[in-house]
Amino acid sequence: ILLSGVSEECEPEWCDSEDPLFILYTSGSTGKPKGVLHTIGGYMLYVATTFKLVFDYHPEDVYWCTADIGWITGHSYITYGPLANGATSVLFEGLPTYPDVSRMWEIVDKYQVTKFYTAPTAIRLLMKYGSEPVQKYKRDSLKVLGTVGEPINPEAWQWYYSVVGEKRCPVVDTFWQTETGGHVLTPLPAATPMKPGSATFPFFGVVPAILNESGEELEGPSEGYLVFKQPWPGVMRTVFGNHQRFETTYFEQFPGYYVTGDGCCRDKDGYYWITGRIDDMLNVSGHLLSTAEVESALVEHEAVVEAAVVSRPHPVKGESLYCFVTLTEGVSFSRTLEAQLKKQVREKIGAIATPDFIQNAPGLPKTRSGKIMRRVLRKIARNERDLGDVSTLADSSVIELLFQNHCCGAM
Ligand code: PRX
């Protein structure tokens, strides 16, 4: 009855290339969420092209991205990019540890996955169970391994490359943001010589620069603010409902540049190394330190699975290093371990980076997309209970535990 009254034709709705495609709120790991708006033409073109080239996509490939479809990685590299290429994809809803920690590799073998894309947090989680659960499966279909979401510490990179990929598969460390729509710094597999922990070079059409505090462009090997000098098709168009905020957030600090908010180092070979969010940088006695660097030194210790370092005000040094460490299954926290960890960081980076506090953290506060909420950790480090908006937190029970384990040093 319903059908009899309607036409069999359904005309498509014609859209302008600059019409809005979707709005995605940024994870909320820093401050109030912003509605990032992407448009149809540029975004689609950009994700289709980056998907094809960064994963070296071929029609016979089976592609699997483990991200949540509701976040930008899922939008760009589960939905729009692969579909625009007609790719065969595995869609997975579940946990990498259930029913056991071999789950990922079992799926890789079952569907003969060739291109695999995941996050450093997942790699570190699986790494703590060793190589045996990986080696139970063949994984011989794999060709390219991708990573996204945060700087990957060289130890996790090596594990991913050597154990998961058996040194056969190039690792593409893709740096990008909800705002950039798609990959902006990334290797091209088998074409770009890799360096573990570096997102290597810009994608076609992307022009990065490194600026100092005064907004001057630095040449050659240097460290500072990562910015982009010209737009690319997939860049966000506005903050939904607040264009002014779009301008102030991304373009005000350094006029003429898009500011990523990330710190970055360029080495003598021109490789780019993301050092973490600028607000995750610490100034200890006048030395700028990246929290990611300290975290990397901590997780190199076999007893540590995951580490998060935040700043805590210090009367003399300006800021001090407050470190949260999650330990390997079966290892317990002790004074001896604490001393070993301090020594390890001192030896790797230098005396200036010696942690002031190390706290045992059975878990870390993370957003549902797996990002550590450093804003919350900074509050815990200062023993301040006004945490603000924690609505994007995946599991809030961990907060109370962390306050209980707090290291009560003098502020
Ligand atoms: O700090 C950078 C980090 O994640 C931020 C963007 O987060 P979001 O908008 O949630 O998007 C995540 C998925 C693209 C960046 O500003 N980040 C992302 N990828 C990398 C990274 N840091 C280092 N290396 C990466 N490959």
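Residues numbered from 1 in each chain as written. Predicted model: local features only at pLDDT ≥ 70, side-chain atom pairs only at ≥ 80, totals over all residues. Heavy atoms only, no water.

### So, the environment of Lys128
Then comes step 1: Mapped onto the elements, Lys128 comes out in the loop between helix H4 (120-127) and helix H5 (132-135).
Then comes step 2: In this structure Lys128 comes out as partly exposed when scored by relative accessible area, which is 24%.
Then comes step 3: As for Lys128 and Asn405, which are separated by 277 residues in sequence, their C-alpha atoms are 22 Å apart.
Then comes step 4: With residues up to four places along the chain from it excluded, the contact list for Lys128 reads Val305, Thr328 and Glu329. (Helix = DSSP H or I, 4+ residues; strand = E, 2+ residues; numbered from the N terminus. Buried < 20%, exposed > 50% of the residue type's maximum accessible area, 1.4 Å probe, protein only. Contact = heavy atoms within 4.5 Å.)

### Overview of the pattern of salt bridges
Then comes step 1: Scanning the entire structure with this criterion turns up 19 salt bridges.
Then comes step 2: A salt bridge links Lys229 to Glu217; the shortest N-O distance between them is 3.2 Å. On the criterion of sequence distance, the pair formed by Lys229 in the loop between strand E10 (222-228) and strand E11 (238-239) and Glu217 in strand E9 (residues 217-218) is long-range, its members being 12 residues apart.
Then comes step 3: A residue is classified by how much of its surface remains accessible, and Glu217, at 31% relative accessible area, is partly exposed.
Then comes step 4: The closest approach of N and O atoms between Glu347 and Lys343, which form a salt bridge, is 3.4 Å. With Glu347 and Lys343 both in helix H9 (residues 335-349) and four residues apart, this pair spans about one turn of that helix.
Then comes step 5: Assessed through its relative accessible area of 44%, Lys343 is described here as partly exposed.
Then comes step 6: Through salt bridges that share partners, Arg124, Glu150, Glu306 and Lys366 make up one connected network. (Salt bridge = Lys/Arg side-chain N within 4 Å of Asp/Glu carboxyl O.)

### Regarding the UniProt feature "domain: AMP-binding enzyme C-terminal" (unreviewed entry) in the protein
Then comes step 1: In the UniProt entry, the feature "domain: AMP-binding enzyme C-terminal" (unreviewed entry) is given for residues 293-371.
Then comes step 2: The span residues 293-371 carries 28% helix and 32% strand; its end-to-end C-alpha distance comes to 17 Å. (UniProt positions renumbered as here; feature names shortened; annotations may be inferred.)

### Quick word on the site of the ligand
Then comes step 1: Inspection of the region around the ligand gives 17 residues, with Asp173, Thr174, Gln177, Thr178 and Asp262 positioned closest.
Then comes step 2: At 2.8 Å, a backbone N or O of Thr174 approaches a nitrogen atom of the ligand.
Then comes step 3: Within the side chain of Lys371, one N or O atom sits 3.1 Å away from an oxygen atom of the ligand.
Then comes step 4: Within the complex, the protein chains bury 90% of what would otherwise be the 540 Å² of accessible surface of the ligand.
Then comes step 5: Among the elements of the structure, helix H2 (72-84), strand E7 (171-174) and strand E13 (272-277) are those that each provide at least two residues to the shell around the ligand.
Then comes step 6: Partitioning the shell around the ligand into residue classes produces six nonpolar, five polar and six charged. (Near = heavy atom within 4 Å. Polar contact = N/O pair within 3.5 Å; in protein donor to acceptor, adjacent residues only side chain to side chain. Areas by Shrake-Rupley, 256 points an atom, 1.4 Å probe, with all protein chains shown as cover. Nonpolar A, V, L, I, M, F, W, Y, C, P; charged D, E, K, R; others polar.)

### Here we look at unusual backbone geometry
Then comes step 1: With omega at 0°, the peptide bond leading from Tyr98 into Pro99 counts as cis.
Then comes step 2: Its location among the elements puts Pro99 in the loop between strand E4 (88-90) and helix H3 (103-111).
Then comes step 3: Look at Arg139: it is not a glycine, yet its phi comes out positive at around 60°.
Then comes step 4: Along the polypeptide, Arg139 turns up in the loop between H5 and strand E6 (144-148).
Then comes step 5: Look at Arg139 and you get buried, because its relative accessible area is 2%.
Then comes step 6: Even without being a glycine, Asn383 presents a positive backbone phi close to 60°.
Then comes step 7: Secondary-structure assignment places Asn383 in the loop between helix H10 (374-381) and helix H11 (397-404).
Then comes step 8: In this structure Asn383 comes out as partly exposed when scored by relative accessible area, which is 40%.

### Quick word on the nonpolar core
Then comes step 1: In terms of nonpolar packing, the biggest core is built from 40 residues, with Tyr117, Phe175, Val184, Leu185, Phe228 and Trp232 touching the most fellow members.
Then comes step 2: By residue number, the principal contributor to this core is helix H1 (residues 40-54), which donates five residues.
Then comes step 3: In this structure Leu185 touches Asp173, Thr174, Phe175, Ala199, Phe201, Pro202, Pro208, Leu226, Phe228, Tyr272 and Ile274, once residues within four positions along its chain are discounted.
Then comes step 4: With 27 residues, the next largest nonpolar core counts Trp64, Tyr161, Cys169 and Val171 among its residues. (Core = buried A, V, L, I, M, F, W, Y, C linked by side-chain atoms within 4.5 Å.)

### A look at the pairing of E13
Then comes step 1: The sheet contact formed by strand E12 (residues 258-266) and E13 spans five bridges and is antiparallel. Residue pairing across strands places Gly263 opposite Gly276, the latter belonging to E13.
Then comes step 2: What sits between the antiparallel neighbours E12 and E13 is a turn of five residues, in which Gly270 has the positive phi angle 85°. (Pairing = 2+ DSSP bridges.)

### A word on the sheet that holds strand E1 (residues 20-25)
Then comes step 1: Read from one edge of the open sheet, three strands run E1-E2-E11, paired in antiparallel fashion. Looking along the sheet, the strands with just one partner apiece sit at the ends: E1 and E11.
Then comes step 2: By the bridge criterion, five bridges tie E1 to strand E2 (residues 35-39) in an arrangement that is antiparallel. Bridge pairing in E2 links Ile23 to Leu37.
Then comes step 3: Strand contacts of H2: E1 and E2, with the helix running at about 140° to E1, the strand carrying the most contacts. (Axes fitted to C-alpha atoms, helices over the stretch in contact; angles between N-to-C directions.)

### Some points on the packing of H4 against helix H6 (residues 154-164)
Two measures define how a pair of helices packs: the angle their axes make with one another and the distance between the axes.
Then comes step 1: One way to put it is that H4 packs onto H6 with a least axis distance of 10 Å and a crossing angle of 75°. Our classification of the angle between H4 and H6 gives roughly perpendicular. Here Ile123, Arg124, Leu126 and Met127 of H4 come into contact with H6, specifically with Glu155, Ala156, Trp159 and Tyr160.
Then comes step 2: Classifying every residue of the contact of H4 with H6 gives six nonpolar, no polar and two charged. (Parallel < 35°, antiparallel > 145°, perpendicular 65-115°, else oblique.)

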